[in-house]
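The lines below spell out each chain.
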There are 2 protein chains.
Amino acid sequence: MDIQESIRVAIVEDEQEIRELLEQIIDLSPGFSCKRTFSSCEDALPGLIADPPDVVLMDINLPGMDGISGTGKLTEQIPELNIIMLTIQDDPDLIYQSLCAGATGYLLKDTPPVKLLQAIEEVRQGGSPMSPSIARKVTMSFRPAVNYDLSDREKEILTRLTQGENYQVIAAELFISGHTVRTHIRNIYRKLQVNTRGEAVSTALRNKIV
Amino acid sequence: MDIQESIRVAIVEDEQEIRELLEQIIDLSPGFSCKRTFSSCEDALPGLIADPPDVVLMDINLPGMDGISGTGKLTEQIPELNIIMLTIQDDPDLIYQSLCAGATGYLLKDTPPVKLLQAIEEVRQGGSPMSPSIARKVTMSFRPAVNYDLSDREKEILTRLTQGENYQVIAAELFISGHTVRTHIRNIYRKLQVNTRGEAVSTALRNKIV
DNA sequence: CGGTCAATCGCACATATGAGGTATTTTAAA
DNA sequence: TTTAAAATACCTCATATGTGCGATTGACCG
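Residues numbered from 1 in each chain as written. Chains lettered and ligands numbered in written order. Predicted model: local features only at pLDDT ≥ 70, side-chain atom pairs only at ≥ 80, totals over all residues. Heavy atoms only, no water.

Visitor: Honestly, the overall build of chain A in this entry has me stumped. Any pointers?
Guide: Counting its secondary structure elements, chain A contains 10 helices and five strands. In terms of overall dimensions, chain A is more spread out than a globule: its C-alpha atoms have a radius of gyration of 23 Å, far above the 17 Å expected for 210 residues. For chain A, the spread of C-alpha atoms along the three principal axes comes to 70 × 35 × 30 Å. Within chain A, the proportion of its 210 residues that are buried is 51%. For chain A, the accessible area works out to roughly 10400 Å², and carbon and sulfur atoms hold 50% of it. On chain A, the mean spot of the 21 positive side-chain charges and the mean spot of the 30 negative ones are 13 Å from each other. (Helix = DSSP H or I, 4+ residues; strand = E, 2+ residues; numbered from the N terminus. Rg over C-alpha atoms; globule rule 2.2 N^0.38 Å. Buried < 20%, exposed > 50% of the residue type's maximum accessible area, 1.4 Å probe, protein only. Areas by Shrake-Rupley, 256 points an atom, 1.4 Å probe, with all protein chains shown as cover. Lys, Arg positive; Asp, Glu negative; His and termini not counted. Charge placed at Lys NZ, Arg CZ, Asp CG, Glu CD.)

Visitor: Sorry if this is basic, but what is going on with the nonpolar core here?
Guide: Nonpolar side chains tend to gather and get buried jointly when the protein is soluble and globular. Core analysis: the biggest nonpolar cluster contains 61 residues, and Val12(A), Met58(A), Val138(A), Val12(B), Met58(B) and Val138(B) have the highest contact counts within it. Filtering out sequence-adjacent residues up to four positions away, Met58(A) remains in contact with Val12(A), Cys41(A), Gly67(A), Gly70(A), Thr71(A), Leu74(A), Ile83(A), Ile84(A), Met85(A) and Leu86(A). With 36 residues, the next largest nonpolar core counts Ile170(A), Val201(A), Ala200(B) and Leu205(B) among its residues. (Core = buried A, V, L, I, M, F, W, Y, C linked by side-chain atoms within 4.5 Å. Contact = heavy atoms within 4.5 Å.)

Visitor: I tried to follow the protein's contact with DNA strand D on my own but got confused; where do I start?
Guide: With respect to spatial proximity, 17 residues lie near DNA strand D, and among them Ser151(A), Ser177(A), Tyr167(B), Arg182(B) and Arg197(B) are the closest. Considering DNA strand D, the proportion of its atoms within 4 Å of the protein that are sugar or phosphate atoms stands at 57%. Taking Arg153(A), its side chain carries an N or O atom lying 2.8 Å from a phosphate oxygen of DNA strand D. Here a phosphate oxygen of DNA strand D and a side-chain polar atom of Arg197(B) are 2.6 Å apart. For the surface near DNA strand D, the secondary-structure elements that each account for two or more residues are α9 (178-192) of chain A together with α9 (178-192) of chain B. It is α9(A) that provides the largest number of residues to the surface near DNA strand D, a total of five residues. Partitioned by chemical class, the residues of the surface near DNA strand D number three nonpolar, nine polar and five charged. (Near = heavy atom within 4 Å. Polar contact = N/O pair within 3.5 Å; in protein donor to acceptor, adjacent residues only side chain to side chain. Nonpolar A, V, L, I, M, F, W, Y, C, P; charged D, E, K, R; others polar.)

Visitor: How should the protein's contact with DNA strand C be read in this particular structure?
Guide: Surveying the vicinity of DNA strand C reveals 17 residues, the closest of which are Tyr167(A), Arg182(A), Arg197(A), Ser151(B) and Ser177(B). The sugar-phosphate share of atoms of DNA strand C within 4 Å of the protein amounts to 57%. In this structure, a phosphate oxygen belonging to DNA strand C sits 2.4 Å away from a side-chain N or O atom of Ser151(B). At 2.8 Å, a side-chain N or O of Thr180(B) approaches a phosphate oxygen of DNA strand C. Of all the secondary-structure elements, those providing two or more residues to the surface near DNA strand C are α9 of chain A together with α9 of chain B. The element best represented in the surface near DNA strand C is α9(B), accounting for five residues.

Visitor: Explain the relation of the copies chain B and chain A to me, please; I cannot follow it from the model alone.
Guide: The two chain copies are related to each other by a rotation about an axis together with a translation along it. It takes a turn of 180° to lay chain B on chain A, together with a shift of 0.0 Å along the axis; the resulting RMSD is 0.1 Å. Here the copies are linked by what is in effect a two-fold axis. Closest approach to the rotation axis among the C-alpha atoms of chain B is made by Gly198(B), whose C-alpha sits 2.8 Å away. With an isologous cut-off of 70% or more, the 100% of interface residues of chain B that recur at the interface of chain A puts this contact in the isologous class. (Least-squares fit on C-alpha atoms with pLDDT ≥ 70 in both.)

Visitor: Whenever I open this one, the packing of aromatic side chains confuses me. Can you help?
Guide: By convention here, two paired aromatic rings are described through the distance between centres and the angle between planes. Taken as a whole and assessed by the stated rule, the structure comprises three aromatic pairs over all chains. Seen from their ring centres, Phe142(A) and Phe142(B) are 5.8 Å apart, and the 70° between their planes marks the pair as edge-to-face. Of the two residues, Phe142(A) is situated in the loop between α6 (132-140) and α7 (152-162) and Phe142(B) in the loop between α6 (132-140) and α7 (152-162); the pairing between them involves two chains. For Phe142(B), a relative accessible area of 6% corresponds to the buried category. (Phe/Tyr/Trp six-rings, centres within 6.5 Å; stacked < 30°, edge-to-face > 60°.)

Visitor: Where do I start with the domain arrangement of chain A in this structure?
Guide: Accessible area lost upon the coming together of the parts is a frequently used measure of interface size. Examined at the domain level, chain A breaks down into domain 1 (3-140) and domain 2 (152-206). Just the C-alpha atoms count here: the centres of domain 1 of chain A and domain 2 of chain A sit 43 Å apart. (Domains from an automatic or database assignment.)

Visitor: I'm lost on the interface of chain B and chain A in this one. Help?
Guide: Each partner contributes residues to the interface: chain B has 39 residues there, and chain A has 39 residues. Buried area between chain B and chain A, summed over both chains or domains, comes out near 3000 Å², and the portion from carbon and sulfur atoms is 60%. Considering only the side of chain B, the residues that lose the most area to chain A are Arg136(B), Phe142(B) and Arg143(B), jointly responsible for 23% of the buried surface there. Our count for the contact surface shared by chain B and chain A stands at zero salt bridges. (Buried area = accessible area lost by both parts, 1.4 Å probe. Salt bridge = Lys/Arg side-chain N within 4 Å of Asp/Glu carboxyl O.)

Visitor: What is the right way to read the layout of surface pockets from this model?
Guide: If a probe as big as a water molecule is rolled over the atoms, it shows which places are left empty. Approximately 1100 Å³ is the volume found for the second largest pocket. Lining the second largest pocket are 35 residues, with Lys115(A), Gln118(A), Glu122(A), Lys115(B) and Glu122(B) positioned closest to its centre. For the lining of the second largest pocket, the secondary-structure elements that each account for two or more residues are β5 (105-108), α5 (113-124) and α6 of chain A together with β5 (105-108), α5 (113-124) and α6 of chain B. (1 Å grid on protein atoms, 1.4 Å probe; cavity = no way out; pocket = protein on both sides within 12 Å on 5 of 7 lines; lining within 4 Å. Points joined across faces, edges and corners; volume = space filled by probe spheres on them.)

Visitor: What is the right way to read the state of the cysteines from this model?
Guide: A covalent bond between the sulfur atoms of two cysteines is what we call a disulfide. Counted by the stated rule, this structure contains zero disulfides over all chains. For the unlinked cysteine Cys41(A), the closest cysteine sulfur is that of Cys34(A), found at 15 Å. (Disulfide = S-S within 2.5 Å.)

Dropping the structure here:
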């Protein structure tokens, strides 16, 4: 392997101490190089878009544009860019937002240097490195949160509501009368504590009921 | 640490060869023990529910009840049970369904023994081990898939549709007339290629537009 | 300068929906 | 076998919705 082929890493991190520490860890490791570091997204974006590195380490808490918005802007321009969030927070909501914005990895800042370097390599090879506790939060996010105690029939009808079918169509497909469909939907709304179709579909999908 | 404290692993796998190979890998490794193996979910469920192991390795393709359904039944009874899917398939849909059913890890069958043991330890410690390519598919699943080219105003209205607000309420909140709301919604429906509120909300949420 | 598009506003009408109530039958559990 | 829950069915009525049409304004672009 050519000496030139070291993985080019860029860092966006506002705290000077951490930034320089990361830079040293990476730059002093064979196979890795860190030529560019930034203390804000505003500084980082133009350069990173013009000449994308192999991997970006992105802090979430930044003055001005936060790391999640920055990640969004970057992936909008360069969808295949590998961005690893590197932060203290393990708030499920921030993890969710980061991944939606296009992050491909998510590490906690207490990650030891060796693991950090492994993660950079892994994301380079098409993986999605995450700290164990983060990965767990991600998998847990797929689970249905609350149990609304819907009957099978109700779930069936709710599914069809999400598909935009109207009362008559549902009735025909399930071989029941439109009146019955209305009654079921009334019960669904009561259990879901909603009173419109839009809310019902929304609650159903967000809670993975269907 | 006590010698008794080895991690108790159970295996559900129909192919005898693979099952016995896994059993050996685990049972011969210090700190791990595999006392129970099954060739079907039907066989496995009663025992696993009665006396849950620390970790379950679950195949997806099984005769009779498949591994995803089995995982669902298990987590219904024991939500905190650690189940690692162990399969050849990396189909995003199966990954999604597995995680929804309650799987906490997902490994490909070509995972080398060392990595497998590491994964078992990791899931035991609250992580969610995944093969790199699987993890990447999981993170990618958070990204908005298709761009429907909605204007900011349209996204704003779409968001409110998902919250079940009616035309008049939306109009009042955005300080525009109900007529305008209708026009926007008409345009949203056209762009999303739907013609009911339920479908619009569904498409919006599934594609992470809002 | 002409063209395009987003955002705004308007009218009319058939149908779908949500909300109120009541009641029978089937299934499952106690 | 009694009871409870789920599934079924019906009625009425005010309002929301989807859709057909047309129109004006302002911003931005070539």
